[in-house]
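One letter stands for each residue in the lines below.
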Amino acid sequence: MFDISWGEFIIVGVVALIVIGPKELPGVIRAVGRSLAKLRTMAGEFRAQFDDALREAELHDVKKEFDEFKNQATGLSTATFDPIRKEMQGVAESAKATASGETGVTTVNETVQGISAEAQAMEAEIRAGASDATTPAAEPAPAAFDPPKSGNAA
């Protein structure tokens, strides 16, 4: 480790025996051993803290990349859903306008609510597909809607 040979260890031991004395030498050796053990423990703790800091920094980078990907996916889903939502609102408004003079207003309202529920279900399905990173989001098929015929719908 420090490139000290056995001959040098013997010389250090003889000098320590002469300077410290044979009575106090075992106590000094224990104290030096404890000090080295504390020093190794502190070095290990420092290394562990340093490794934790490195891992945390790497996790922070991964989290930032994931957040960027999530924002991109949200932007894509919003761009996909806005035209569908506008089209469904237009269809619902035209159905309401068509049914405003008819007696089957409750039937039209139920139809509009059904269409809205279907649109929300489609939106949730597409979002679930867009959030799944393994499968690409499929383009939603336009919803077919037949407005009720004028007159009484029985």
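Residues numbered from 1 in each chain as written. Predicted model: local features only at pLDDT ≥ 70, side-chain atom pairs only at ≥ 80, totals over all residues. Heavy atoms only, no water.

Peer 1: What exactly am I supposed to notice about the overall build of the chain here?
Peer 2: Check the secondary structure of the chain and you find three helices and zero strands. Taken from N to C terminus, the helices and strands of the chain fall in the order α-α-α. For the chain, with 154 residues in total, the buried portion stands at 11%. Counted over contacts in the chain with a minimum sequence separation of 6, partners at least 24 positions apart contribute 56%. (Helix = DSSP H or I, 4+ residues; strand = E, 2+ residues; numbered from the N terminus. Buried < 20%, exposed > 50% of the residue type's maximum accessible area, 1.4 Å probe, protein only. Contact = heavy atoms within 4.5 Å.)

Peer 1: Even after reading the chapter, I still don't get a nonpolar patch on the surface, so can you show me in this structure?
Peer 2: Judged by side-chain polarity, Ile10, Ile11, Val14, Val15, Ile18 and Val19 come together as a nonpolar surface patch covering roughly 620 Å² of accessible area. Relative to the helices and strands, isoleucine 11 is located in helix α1 (residues 6-20). Residue class for isoleucine 11 comes out exposed when judged on its relative accessible area of 55%. (Patch = residues over 30% accessible without salt bridge, like charges linked within 9 Å, V, L, I, M, F, W, Y side chains within 5 Å. Areas by Shrake-Rupley, 256 points an atom, 1.4 Å probe, with all protein chains shown as cover. Salt bridge = Lys/Arg side-chain N within 4 Å of Asp/Glu carboxyl O.)

Peer 1: Explain the confidence of the model for the chain here, please?
Peer 2: Parts of the model with low pLDDT should not have their predicted coordinates read in detail. Of all residues in the chain, 75% have pLDDT values of 70 or greater, and the mean over the chain is 77. Looking over the chain, one finds the lowest element-wise mean pLDDT in helix α3 (residues 105-131), namely 76, and the highest in α1, namely 88. A low-confidence stretch, residues 133-137 stays under pLDDT 50, and its non-local contacts, those more than four residues away or across chains, total three contacts. (pLDDT = per-residue confidence, 0-100.)

Peer 1: Would you explain a negative patch on the surface in this entry?
Peer 2: Together, Glu58, Asp61, Glu65 and Glu68 make up a region of like negative charge exposed at the surface. Note on placement: glutamate 58 falls in helix α2 (residues 25-99). (Lys, Arg positive; Asp, Glu negative; His and termini not counted. Charge placed at Lys NZ, Arg CZ, Asp CG, Glu CD.)

Peer 1: Help me out: how do you make sense of the packing of aromatic side chains in this one?
Peer 2: Pairs of aromatic rings are described using the distance from one ring centre to the other and the angle between the two planes. For the structure shown, the criterion picks out two aromatic pairs. A centroid spacing of 6.0 Å and a plane angle of 50° characterise the contact between tryptophan 6 and phenylalanine 9, whose relative ring orientation is tilted. You can see tryptophan 6 and its partner phenylalanine 9 sitting in helix α1, three residues apart, about one turn around the helix. For phenylalanine 9, a relative accessible area of 48% puts it in the partly exposed group. Ring centres 6.4 Å apart and planes at 25° place the aromatic pair phenylalanine 46 and phenylalanine 50 in the stacked group. Of this pair, phenylalanine 46 and phenylalanine 50 both sit in helix α2, four residues apart, which is roughly one turn of that helix. (Phe/Tyr/Trp six-rings, centres within 6.5 Å; stacked < 30°, edge-to-face > 60°.)

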